[in-house]
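A look at the structure
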Amino acid sequence: MRIDERGGVASAGTESGEAIDPSKEKHVNDSLPHTEAQSAAALSDAAKVWREQHYDAEAKEKGERRAFLTDTGIEVRPLYTPLDVQESGRSYLEDIGFPGQYPFTRGDRAGMFRTESFAVSAYSGFGEAQDCNQRFRTLVDWGAEQLLVALDLPTQCGYDSDHEMSTGEVGQVGVAIDTMADMEALFDGIDITQVKRVGTLGNSIGPIVLAMFAVLGERRGLDWSQYTVNLQNDPLKEYIARGTQILPAEAAARLATDCVAWCADHAPHWSPMTVCVNHINAGGAGSSRAAAIALSNALHYIDLLLEKGYGIDQVAPLLHMFPDERHDFFVSVANLRALRRSWARLMKERYGATRPEAMALRMTVYGHGQETLQEPLNNIVRIGFGTLAYVLGGASYIYIASYDEAVSTPTEESVKVALRTQQILAHEHGFTDTIDPLGGSYFVETLTNQVEDQIRRALREIEDAGGAQAVISTGLGRRWMTEGAVRRQRAIDSGSRPWVTVNKWPQRPNVPNTAFRIDSRTVQKQMQRVARVKATRDPARVEAALAAIDEACRTGANMVPPTIEAVKALATVGEICERWKSHFGVFQPSTDF
Amino acid sequence: MAASERKVRVLVAKVGLDGHDVGARVIARGLLDAGMEVIYTGLRRTPEQVVRAALEEDVDVIGISILSGAHLTLLPRLRQLLSEAGAQDIGLIAGGVIPQEDIGPLKEAGVNEIFLSGTPVPEVVHYIKERYGDRT
């Protein structure tokens, strides 16, 4: 228990104004062999001597290799010592604490990976449902514990496969799902009670995909308590970063929160909303600003739910977050720790949450590195390191990019390497043997504090500008992203951010001919299935179900129940979205750059 | 205006449903910084809408960003529509993730140049200036 007391002492003399307890100080000295009996002042002197007489002297002679700056703009110093932790003014018990306890910096559960490893998860989908079903079965055989369906762009954007806008896109970046018949073919023979979670992104069509997963279980005679559905269902970031938006943002936020509300009433252990940092960061915002935008989106959804009459302790556990940092390994670890702490404080201090589950943020991540089209096998290493940071940061659900993902839909071989990488991280090298293994690192604790400060400042800036909707409507989100993307591009073009095979030992980018291709029969097969469904379904039942959707649009009633009826009646994704569009209108794309 | 003073006009466009437009915006900004006049269409345009905008804006070249895999359908369609509109002289270049074996057929279908993801922005600037810098 000395470690805890050491932490407690590190807080002494901080803004909390606690006096130093001499009995504890004894322990500090015992447990810090490198500083032995030195007082803080002696340590400070020693650090100064090292810096000036040793490090600076050598750096002056040899020169530093380059400026050391994180992608988020934090200057990385040559060395971190206990002084950095002391000077931060943070207290171990108040700011770091224990896993599963407020403010959850060290983990969302007490046992973390010692009692249950992170979920080895697969995001997959291509072509039409029957072909894709074979891949899903293979993934489960290989040990995937969670299946997240990658939908093609027409489905994500609310167009049926036979719509003009779907030309060339059917089955390209995911599987085509037009009706419940496709969904049943996709999960044929897969026991959804034997995986930890099933789900999809469905950001702009949340009620439809939620309804499909609810009906999938119902058709199999399952109770909703017997399996777990996870959705991304975070439409607001689509307007800033990902681009599958259909409706104006406010209507989209309402439909998304209808899904959370429905789950709170009918399936409270599902995770119907995963608020995303990743696309906003990847688009250029940087991981701290992107986290702040995502937090402001989450707060907006929560506010809508509270307006509907739900309590914070009821809805907060249903929201997960999806952090992201791909440039800097240690910033990534710090980002996850800082985000858990930020979330806990917002839930407790702003909303008065009392249940630990409402304050303990569960995280989904997608392991990436800075992948290249040049020599793509190197991406295995990059992605492995990027994912390791998420493991060390304590993410609960981990997806991982395949090394050829920058090229196209991953091949079976590259998906297998990705899945095995996760299993290696979970079970080899001792990565998961102790909880929060980098906690207490002078560097990582300092970064955690700095990242938390960056997130807090950016969130304040967003709230001063008017909050989540203003991030979209004023262009603030896109401005942050473009600024960052241009800065990153310049850092690459100038070589100030080293990138092997791009600006160091540069090679020509290459998209190999072995890139995965959709079977040419796919579109035809999908069109035939939709035509067959439309010819054999009961048109009166479809019309009645769609009329009920119209009614929910008008009254503001929860959209999920009428969507469940429409899905059962075999209405198409496009037909349901057309009703929404006719009531709410459509989004207007921005031409700013 | 003297020919030498006329700035190169570029339409940067997203066609189809692919919503990833960071690359398009970074390129648009890079071309603007290099002294060109740049118009960006925003997301989710049809080939017909892109060609109409190119004619209305009197551009020298259209730059298409495409990452979704629909390039073999959408890029030849753009060149066909340009020809039908009597605008064969408008350049058509594309950037994104395009397999090696598709590059030949795309060039045969009238795509002037293809830049894969990861191409430095100055290389694209240089190409456009060389090829379209002294027109009209």
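Residues numbered from 1 in each chain as written. Chains lettered and ligands numbered in written order. Predicted model: local features only at pLDDT ≥ 70, side-chain atom pairs only at ≥ 80, totals over all residues.

Chain B appears in an unreviewed UniProt entry as Cobalamin B12-binding domain-containing protein from Parapusillimonas granuli. Of chain B, the UniProt comment under Cofactor (unreviewed entry) reads exactly: "adenosylcob(III)alamin". (UniProt positions renumbered as here; feature names shortened; annotations may be inferred.)

The helix and strand inventory of chain A stands at 26 helices and eight strands. In terms of C-alpha radius of gyration, chain A reaches 25 Å, essentially the compact-globule figure of 25 Å for 593 residues. Across its three principal directions, the C-alpha atoms of chain A cover 85 × 55 × 45 Å. Taking all 593 residues of chain A together, the buried fraction comes to 51%. Summarising the internal contacts of chain A: among those between residues at least 6 apart in sequence, 74% fall at separations of at least 24. (Helix = DSSP H or I, 4+ residues; strand = E, 2+ residues; numbered from the N terminus. Rg over C-alpha atoms; globule rule 2.2 N^0.38 Å. Buried ≥ 20, exposed ≤ 12 C-beta atoms within 10 Å, placed from the backbone. Contact = placed C-beta atoms within 7 Å.)

The subject of this paragraph is the overall build of chain B. Across its full length, chain B holds five helices and five strands. Of the regular secondary structure in chain B, the N- to C-terminal order runs β-α-β-α-β-α-β-α-β-α. The C-alpha radius of gyration computed for chain B amounts to 14 Å, which stays within 12% of the reference 14 Å derived for 136 residues, consistent with globular compactness. Dimensions of chain B, computed from C-alpha atoms along their principal axes, come out at roughly 40 × 35 × 25 Å. Looking at the 136 residues of chain B, the share that counts as buried comes to 52%. Excluding contacts between residues fewer than 6 apart, the proportion of contacts in chain B whose partners are at least 24 apart in sequence is 73%.

What follows covers the domain arrangement of chain A. In many analyses, interface size is given as the accessible surface area lost on bringing the parts together. Domain parsing of chain A yields domain 1 (2-96) and domain 2 (112-293 + 316-326 + 356-431 + 468-494). A straight line from the C-alpha centre of domain 1 of chain A to that of domain 2 of chain A covers 39 Å. (Domains from an automatic or database assignment.)

Turning our attention to the sheet that holds strand 7 (residues 364-367) of chain A. All names here are of chain A. The strand order across the open sheet built from six strands is 4-3-2-1-8-7, with neighbouring strands paired in parallel fashion. Of all the strands in the sheet, the pair left with one neighbour each is strand 4 (229-231) and strand 7. Sheet twist, expressed as the average angle between the axes of neighbouring strands with direction ignored, equals 25°. Where strand 2 (residues 146-149) and strand 3 (residues 197-200) come together, four bridges link them in parallel fashion. Residue pairing in the sheet places Gln146 in a bridge with Arg197 of strand 3. This element, helix 10 (residues 206-219), spans strand 3 and strand 4 of the sheet and lies at about 165° to strand 4. (Pairing = 2+ DSSP bridges. Axes fitted to C-alpha atoms, helices over the stretch in contact; angles between N-to-C directions.)

Here we take up helix 19 (residues 412-427) of chain A. Residue and element names in this part refer to chain A. Along its 16 residues, helix 19 runs 23 Å from first to last C-alpha, staying within 8% of the 22 Å computed at 1.5 Å per residue. For helix 19, every residue scored as buried is listed here: Ser414, Val415, Ala418, Leu419, Thr421, Gln422 and Leu425. Mapping the buried residues of helix 19 onto a view down its axis gives an arc of 145°, with all of them on the same face. A positive backbone phi angle near 70° is found at His429, which sits one or two residues after helix 19. (Expected span 1.5 Å × (residues − 1). Arc of directions from axis to C-beta.)

What follows deals with the interface of chain B and chain A. Facing 33 residues of chain B, the contacting portion of chain A comprises 37 residues. Counting residues per element, the ones that place at least two in the side of chain B that touches chain A are helix 1 (22-33), helix 3 (71-84), helix 4 (100-108) and helix 5 (121-132) of chain B. Sort the elements by how many residues they give to the side of chain B that touches chain A and helix 1 of chain B lands first, with five residues. When its residues are assigned to classes, the side of chain B that touches chain A shows 15 nonpolar, 12 polar and six charged. (Nonpolar A, V, L, I, M, F, W, Y, C, P; charged D, E, K, R; others polar.)

Our next topic: the sheet that holds strand 3 (residues 61-66) of chain B. Each strand in a sheet pairs with its neighbour through backbone hydrogen bonds, running either in the same direction (parallel) or in the opposite one (antiparallel). All names here are of chain B. Taken in spatial order, the five strands of this open sheet run 2-1-3-4-5, and their pairing is parallel. Whereas interior strands pair on both sides, the edge strands pair on one side only; in this sheet they are strand 2 (37-40) and strand 5 (113-116). Each strand axis lies, on average, 20° off the axis of its neighbour in the sheet, ignoring direction. Relative to strand 2, strand 1 (residues 9-14) runs parallel, the two being bridged by four bridges. Note that in strand 2 the partner of Val12 across the bridge is Tyr40. Here helix 1 sits on the sheet and contacts strand 1, strand 2, strand 3 and strand 4 (91-96); the angle it forms with strand 2, its principal contact strand, is near 160°.

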